[in-house]
Amino acid sequence: MKYIKLQKEQHIAYITIDRPESLNCFNYETLKELGDAVDSLHTDPDVRVVIFTGAGDKAFSAGADLKERKHLTETEVRRNVKKIRDVFSAVAELPQPTIAAVNGFAFGGGFELMLACDFKIAADSALMGMTEVSWGIIPGAGGTQRLSRLIGEMKAKELILTARKISAEKAYELGILTAIEAKENVMAACKELAEEILQNAPIAVIQAKYAIQHGSSTDLQTGLAIESKAYEVTIPTKDRVEALNAFSEKRKPVFTAE
C-alpha cells in the first residue's frame, strides 16, 4: 500500500496514515487503502488491539484532501463521502479495541477517525476540531452522531457549528480524550494501554466491547439482553476455565483466545 502502513507486533496492529507532506489528509486512494487494512484486521485472530496514528510529527490527519476535492465532480464528491463514512464505520465496528494515537492536528475527517476509535490519547500540543462548516459542508463521516453521543447534543452543536479548533486540554475536559501526553510519549502511552488490555482474556474483551457498543444505543432492557448474549459466548471458553484454575493456583492466567 502506498499511503497506509499496516504493521503487526505481539497482538497489536499499527495502522499509520502515511502522507505527512499533506498532513495525512484523506484522498480517495488513501481511503481505499485504509478500508482494505481495516477489513483485513476484522477477522484476524492474532490481532487483539489496533492503534491508529499519522506519519510525521505535525498531524494525525487534517481531514479531507482539499486539493483533490477542488477537482472532483459532484458525483466523485458523493463517492468520497460515502467511502469515508463506510471506512470509519468499519473502524468503529472492529471487534478489537481501538486506540487513536493523536500526534498532532486532527481536523475534519481526522477528528472523525479519532471519534470512531474506542480510546483517544493525544499530544498535549495537539489541536483538533470539526471544521467542515467553514468549508461549506458538514461532518460526513459520522462526526455529527458520534460527537453528540460522546459529549452531549449542546456541546457537539457548539463545536460543530462554530468550526472551533480546540486544544487537547479542552478536548480532555469535554470527555473526548482518554488521556493527554507529551508528544514524544503518545505512542508509548497507547502501547501501555494496549498491553494492559492484552493481559485479559481476548474473547471476553471482544464480547465486553460488543455489549457496551451495541447496548448503549438501545433501551436498558434491550441492552441487558445484549449483555446476556455476550456473556453466554464466554461461558464455554477455555480461557474462562484457565482464569479460575490460575486463581486457585495463585498464578497469572495464560489466555489462548479459545
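Read on for a plain summary of the structure. Model, not experiment: these values are computed from the prediction. (Residues numbered from 1 in each chain as written. Predicted model: local features only at pLDDT ≥ 70, side-chain atom pairs only at ≥ 80, totals over all residues. Heavy atoms only, no water.)

Throughout the structure, instances matching the rule amount to two aromatic pairs. Ring centres of Phe26 and Phe88 lie 5.6 Å apart, and the angle between their planes is 70°; on these two criteria the pair is classed as edge-to-face. Taken together, the residues span a long stretch of sequence, with Phe26 in the loop between β2 (12-17) and α1 (28-42) and Phe88 in helix α3 (residues 74-92) at a distance of 62 residues. Considered together, Phe26 and Phe88 belong to a single accessibility category, that of buried residues. Seen from their ring centres, Phe105 and Phe107 are 5.4 Å apart, and the 20° between their planes marks the pair as stacked. Overall, Phe105 belongs to the partly exposed group, its relative accessible area being 29%. The buried category is assigned to Phe107, whose relative accessible area is 10%. The aromatic ring of Tyr3 is capped on one face by Arg19, whose charged end is 5.1 Å from the ring centroid. (Phe/Tyr/Trp six-rings, centres within 6.5 Å; stacked < 30°, edge-to-face > 60°. Helix = DSSP H or I, 4+ residues; strand = E, 2+ residues; numbered from the N terminus. Buried < 20%, exposed > 50% of the residue type's maximum accessible area, 1.4 Å probe, protein only. Lys NZ or Arg CZ within 6 Å of the ring centre and 35° of its normal.)

Bringing the pattern of salt bridges into the picture now. The tally for this structure, following the rule as stated, stands at 13 salt bridges. Between Arg19 and Asp65 there is a salt bridge whose closest N-O contact spans 3.0 Å. On the criterion of sequence distance, the pair formed by Arg19 in the loop between β2 and α1 and Asp65 in the loop between β4 (59-61) and α2 (66-69) is long-range, its members being 46 residues apart. Judged by relative accessible area, which is 7%, Arg19 ranks as buried. With a relative accessible area of 8%, Asp65 lands in the buried category. Where Arg251 meets Glu249, a salt bridge forms, and the shortest distance between an N and an O atom there is 2.6 Å. We classify Arg251 as partly exposed; its relative accessible area is 34%. Bridged by salt links that share partners, the residues Lys155, Glu158 and Arg164 form one connected network. (Salt bridge = Lys/Arg side-chain N within 4 Å of Asp/Glu carboxyl O.)

This part takes up the side chain of Thr16. In this structure, Thr16 sits in strand β2. Given a relative accessible area of 12%, Thr16 falls into the buried group. Not counting residues up to four positions away in its chain, the partners in contact with Thr16 are Tyr3, Ile4, Lys5, Thr53, Gly54 and Ala55. (Contact = heavy atoms within 4.5 Å.)

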